[in-house]
Every structure is written in C-alpha cells, then in structure tokens.
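Summary of structural features
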Amino acid sequence: MMNFTNPLKDKLSGQLDNQLSSQLYWQLENQLVWQLRTQLYNQLSNQLSNQLYRQLDNQLYNELYKSTKN
C-alpha cells in the first residue's frame, strides 16, 4: 500500500502547528510573568507592611515610655 502525502496540506499543517505553539508559548509566558509579578508584589507588600507596623509600634512604645518617664 502506497502512502501519498499532500505537500500543501503538510506545509499548512506545519505552519498551523508553529502558530499554535507560538501562541501557546506566549500565553504561558504571560501567565507566568503575571503570576510572578503578583507573588512578588504580595511578598513586598507584606514585608513593607510588617516593617511599617514594627516601626510604628516602636514609635508608639517610645512615646509612651517618654510620657510615663516625665
């Protein structure tokens, strides 16, 4: 049994595969970038919030300590 190929069909199929692969690659890359951005933003936000909380807590403690000393 002979296997006949259609060069145009093979070419179009290859182009479609390349196009879909490229689109999928960019979609996955964009999704990964946004996930990493979100994760980094949340980490930095939490760190800054904790740092600010500690600073304010220390300031409040120092002010209270000063007021009880006077």
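Anything mentioned here points back to the structure above.
Residues numbered from 1 in each chain as written. Predicted model: local features only at pLDDT ≥ 70, side-chain atom pairs only at ≥ 80, totals over all residues. Heavy atoms only, no water.

Right, let's get into the overall build of the protein. Per the secondary structure count, the protein includes 1 helix and 0 strands. A compact globule built from 70 residues should have a C-alpha radius of gyration of about 11 Å, whereas the protein, at 30 Å, is more than 25% larger. Each of the three principal axes of the protein carries a C-alpha extent, and together these read 105 × 20 × 5 Å. Burial status across the protein gives 0% buried among its 70 residues. (Helix = DSSP H or I, 4+ residues; strand = E, 2+ residues; numbered from the N terminus. Rg over C-alpha atoms; globule rule 2.2 N^0.38 Å. Buried < 20%, exposed > 50% of the residue type's maximum accessible area, 1.4 Å probe, protein only.)

Quick look at the packing of aromatic side chains now. In total, this model carries 2 aromatic pairs according to the counting rule given. Plain terms: the ring middles of Y25 and W26 are 5.2 Å apart, the flat faces sit at 75 degrees to each other, and that makes the pair edge-to-face. Residue classification places Y25 among the partly exposed residues on the basis of a relative accessible area of 48%. Look at Y61 and Y65: their rings are 6.3 Å apart centre to centre, the planes differ by 15 degrees, and that puts the pair in the stacked class. Taken together, the positions of Y61 and Y65, both in helix α1 (residues 7–69) and 4 residues apart, correspond to about one turn of that helix. The class for Y61 is exposed, based on a relative accessible area of 55%. Classification of Y65 as partly exposed rests on a relative accessible area of 45%. A cation over a ring is seen here: R37 above W34, with NZ or CZ 4.8 Å from the ring centre. (Phe/Tyr/Trp six-rings, centres within 6.5 Å; stacked < 30°, edge-to-face > 60°. Lys NZ or Arg CZ within 6 Å of the ring centre and 35° of its normal.)

All we've got here are geometric facts, nothing functional implied.
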